[in-house]
Amino acid sequence: MAAAGVALLVALTGCGTVNSGGASSSTKSNVKDVTIGFLQREVDAPYYSAMQKEAEGLAKKEGFKLVFQNAASDPVTQLNQAQTMLSQGVDAIIVNAVDPNSEKKQLTSLASKIPLLFLDTGIPGVGVTSVSSDNVKDGKLSGALAAKRFTKGSTITVAILNGGPTDAIVGPARQQGFLEGLKSGGVDYNIVASAPGLYAQDTAVTASQSLLAAHPDVDLILGLNDSMTLGALKVLQDTKNTHTLVAASADGQKQALEQIMKGCSAQYVSTGLNSPSIATTRAFQIATSLATGKSKASDYQPNEYTKAAGINCDNIKDYYDANSVF
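We now turn to the structure provided with this report. (Residues numbered from 1 in each chain as written. Predicted model: local features only at pLDDT ≥ 70, side-chain atom pairs only at ≥ 80, totals over all residues. Heavy atoms only, no water.)

A separate point is the sheet that holds strand β8 (residues 188-196). Reading across the sheet, the 4 strands line up as β8-β7-β9-β10 and stay open at both edges, with parallel pairing between neighbours. Bordering the open sheet on either side are β8 and β10 (245-248), each of which pairs with just one other strand. Direction aside, neighbouring strands of the sheet carry axes that sit 25 degrees apart on average. Examined bridge by bridge, strand β7 (residues 155-162) and β8 share 8 bridges and lie parallel to one another. The residue of β8 that forms the bridge with N162 is P196. Together, β7, β8, β9 (220-223) and β10 form the strand contacts of helix α5 (residues 170-184), whose direction differs from that of β8 by roughly 155 degrees. (Pairing = 2+ DSSP bridges. Helix = DSSP H or I, 4+ residues; strand = E, 2+ residues; numbered from the N terminus. Axes fitted to C-alpha atoms, helices over the stretch in contact; angles between N-to-C directions. Contact = heavy atoms within 4.5 Å.)

Set out below in structure tokens:
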């Protein structure tokens, strides 16, 4: 991880009340007797695979059993996996939701039977809590840094690589924050195109090719995570386009930070901090605490946010870690 201060988490009360969550059918006194289910939305993006590695490391270190399932971006598959885990007798379930809208009813029912919490992508009002970055704030901080690369008072053209039709919560929040950050930095914008990059670099390459074919002179490509932004950068480099800049709303992926380290005139302008290690560690800390009876659902707020930060050429040394898995 980068700086020690990054590890702070802030609990926010939000609106409404905490979902009480289901009680564990048989509370275990020893963490070594606990089984935690982890339903990951997909593992193609480095951020999600880093979460899996972190979870596996925590299980090995602390002694609980981890049951991991990859939904491969299919909400129906994820719901089936959740029911299977429930029948297998896991003590708590952590979910990175594929499609909050279509999964809400079934996961609400599941949360009444077992402690259920979310990691990265949650469903408001469902489960014990949701552990994630503050997507609006991260985006806003990155956007304000990106604005420094343009003339104050100018209006720029922006193309966006989004998370696709099921990305109903995280992506829109990141986009909103980034665009607010541009404006707060004195730069207005016109969105000329938006295409699904699905948070994956290879998908973003194809999407960026289409965006740039239609808008070769666009000023900025915004990726809602670093993987998509790296895909856009590859296309720009392959086509020798040095005019268009790229930025990400969030993540802090090592390969993106290496691009930002190239300097304050580099094509990769900024990103926001979203550590998979910090968020995953906290989610499993909560899950094991619930499973062992050391805490109860009402002890937690509806959302826990990891510390937000914007990253650019000026502060990159505070966040880059050559040994990071992400």
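We now examine helix α6 (residues 201-214). Given a rise of 1.5 Å per residue, 14 residues ought to cover 20 Å, and the 20 Å separating the end C-alpha atoms of α6 matches this to within 8%. Buried within α6 we find A204, V205, A207, S208, L211 and L212. Here the buried face of α6 lies against β7, β8, β9 and α7 (226-238). (Expected span 1.5 Å × (residues − 1). Buried < 20%, exposed > 50% of the residue type's maximum accessible area, 1.4 Å probe, protein only.)

A word on unusual backbone geometry. Phi angles above zero are rare outside glycine, and L198 is one such case at about 55 degrees. In this structure, L198 sits in the loop between β8 and α6. For L198, a relative accessible area of 40% gives the class partly exposed. Phi angles above zero are rare outside glycine, and K240 is one such case at about 55 degrees. Counting through the fold element by element, K240 comes out in the loop between α7 and β10.

Position of A97 among the secondary structure elements: in the loop between β4 (92-95) and α3 (100-111). According to the relative accessible area criterion, A97 is buried, its value standing at 0%. With 85 residues separating them in the primary sequence, A97 and L182 have C-alpha atoms 29 Å apart. Excluding its chain neighbours within four sequence positions, the residues that come into contact with A97 are R41, Q78, E103, F118, T121 and I123.

The next point concerns the side chain of D134. The residue D134 is located in the loop between β6 (130-133) and α4 (135-147) in this model. Of the buried charged residues, D134 lacks a salt bridge, with K137 as the closest side chain of opposite charge at 5.7 Å. Once residues within four sequence positions are removed from consideration, D134 is found in contact with Y305 and T306. (Lys, Arg positive; Asp, Glu negative; His and termini not counted. Salt bridge = Lys/Arg side-chain N within 4 Å of Asp/Glu carboxyl O.)

Take the packing of helix α2 (residues 75-88) against α3 next. Put simply, α2 and α3 touch, their axes get as near as 10 Å, and they point 5 degrees apart. Regarding the angle of α2 to α3, the classification is roughly parallel. In this structure, α2 contributes P75, Q78, L79, A82, Q83 and L86 to the contact, and α3 contributes S102, E103, Q106, L107 and L110. Of the residues contributing to the contact of α2 with α3, the split by class is 6 nonpolar, 4 polar and 1 charged. (Parallel < 35°, antiparallel > 145°, perpendicular 65-115°, else oblique. Nonpolar A, V, L, I, M, F, W, Y, C, P; charged D, E, K, R; others polar.)

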